[in-house]
Amino acid sequence: MYRKQMQSWLQFKDKPTIELIKQIQKRTDPKEISFSESAFHAFVFRFEGDVTKKAEVICGSWGFNIEETIEIVQNVFKKFWRYPKFNVEKKKEQNLDKAVILYLYGIARNELTDYFNKKNGLKLSPYDGSEELVYDLPEMPILDDQADYNVDVQLSKIRLKAIKAALETLSEKHKIIYLTYSSYEYSGKKLPRELLCKLREELGVNQATIRSYKKDVSDKIKEYLTIYESYEA
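This report concerns the structure included in the present document. The shown structure was predicted, so the numbers you read here are calculated from the model rather than taken from an experiment.

On to the nonpolar core, then. For soluble globular proteins, nonpolar side chains are generally found buried alongside one another. F43, F47, F77, F80, V100 and L104 are the most contacted members of the largest nonpolar core, which totals 30 residues. Here F43 is in contact with L20, I21, I24, F77, F80, V100 and L104, once residues within four sequence places are set aside. I177, L203, V205 and I210 belong to the second largest nonpolar core, which has eleven residues in total.

All told, the structure shown has ten aromatic pairs when counted by the stated rule. Judged by centre distance (5.1 Å) and plane angle (55°), the rings of F40 and W81 are tilted. With F40 in helix α3 (residues 33-61) and W81 in helix α4 (residues 66-82), this pair connects stretches of sequence that are 41 residues apart. Residue classification places F40 among the buried positions, given a relative accessible area of 14%. Taken together, F43, F47, F77, F80, F86 and Y103 form an aromatic cluster joined through their ring pairs. The cationic tip of K54 hangs over the ring face of Y105; the distance from NZ or CZ to the ring centre is 5.3 Å.

Turning our attention to the pattern of salt bridges. A side chain with one charge may pair with a side chain of the opposite charge, provided their charged atoms come close. Scanning the model with the defined rule gives nine salt bridges in all. Between K198 and E132 there is a salt bridge whose closest N-O contact spans 3.1 Å. With K198 in helix α8 (residues 193-203) and E132 in the loop between α5 (96-120) and α6 (151-168), this residue pair connects regions lying 66 residues apart in the sequence. The exposure class of E132 is partly exposed, given its relative accessible area of 44%. The closest approach of N and O atoms between D136 and K175, which form a salt bridge, is 3.0 Å. Of the two residues, D136 sits in the loop between α5 and α6 while K175 sits in helix α7 (residues 172-184), which places them 39 residues apart along the sequence. Residue class for D136 comes out exposed when judged on its relative accessible area of 51%. Classification of K175 by relative accessible area gives buried; the value is 19%. Put simply, K79, E111 and E194 are held in one network by salt bridges that share partners.

This paragraph deals with α3. Where α3 bends most, the angle comes to about 45°, and this point is F47. Inspection of α3 places S36, S38, A39, F40, A42, F43, V44, F47, V51, A55 and C59 among the buried residues, and these make up the whole buried set. In the segment just after α3, G63 is the residue with positive phi, at about 85°.

What follows is about the packing of α3 against α5. Where α3 meets α5, the axes come as close as 10 Å, and the angle between the chain directions of the two elements is 50°. Our classification of the angle between α3 and α5 gives oblique. Once α3 is placed against α5, the crossing between them reads as right-handed. Contact residues: α3 offers F43, R46, F47, D50, V51, K54, I58 and C59, while α5 offers D97, V100, I101, L104, Y105 and L112.

About the criteria used
Residues numbered from 1 in each chain as written. Predicted model: local features only at pLDDT ≥ 70, side-chain atom pairs only at ≥ 80, totals over all residues. Heavy atoms only, no water. Core = buried A, V, L, I, M, F, W, Y, C linked by side-chain atoms within 4.5 Å. Buried < 20%, exposed > 50% of the residue type's maximum accessible area, 1.4 Å probe, protein only. Contact = heavy atoms within 4.5 Å. Phe/Tyr/Trp six-rings, centres within 6.5 Å; stacked < 30°, edge-to-face > 60°. Helix = DSSP H or I, 4+ residues; strand = E, 2+ residues; numbered from the N terminus. Lys NZ or Arg CZ within 6 Å of the ring centre and 35° of its normal. Salt bridge = Lys/Arg side-chain N within 4 Å of Asp/Glu carboxyl O. Bend = angle between axes of the 7 residues up to and from the residue. Axes fitted to C-alpha atoms, helices over the stretch in contact; angles between N-to-C directions. Parallel < 35°, antiparallel > 145°, perpendicular 65-115°, else oblique. Left-handed = near helix turned anticlockwise from the far one by under 90°.

Here you go:
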């Protein structure tokens, strides 16, 4: 069994980096997972040395020991496996391997910061990596119109109506951006990098557009909320 796995890994050893990345990106296909894992092993073998050298210098200056450095490097490649979003067309560096190394360095910086914060109890994130884009409003509970609602329930019902009405006047992209932010945004916290990346890539927009769309929705909801509150009063 080990020999078969080694042979499978070795068949990717000399493949161009772009082929390794494309194969890794197929990892969610059950028919491709074995090849993707082998391609990933080849990818790690190719770039782990460069990332480790860089991490050793930075981690040393931050006071991390060798075990912690190894853990951070491992986290870098785990993150690449989970989110192999590298897009060569968006990279300024012409040499692909150098572009990949710089990309991995960026992941390493984030992982090092997260590790430092976690170790020292600083800015602990409320996110765990399971966050996904939100496409639809949750179903509104069925309420008896004759019930004696308290004020909070009535206000929530009015707000939900206003949100639905506002979203119906805007694009699907507006809707997804608003629902994703409203589902995961915490006061004083930015959405996790991976989730923001998913938003940009799936919707084909940049961060400035996301901020603009988010404001559009907020303004429209305020407009409809005023209308519904006046109507229900």
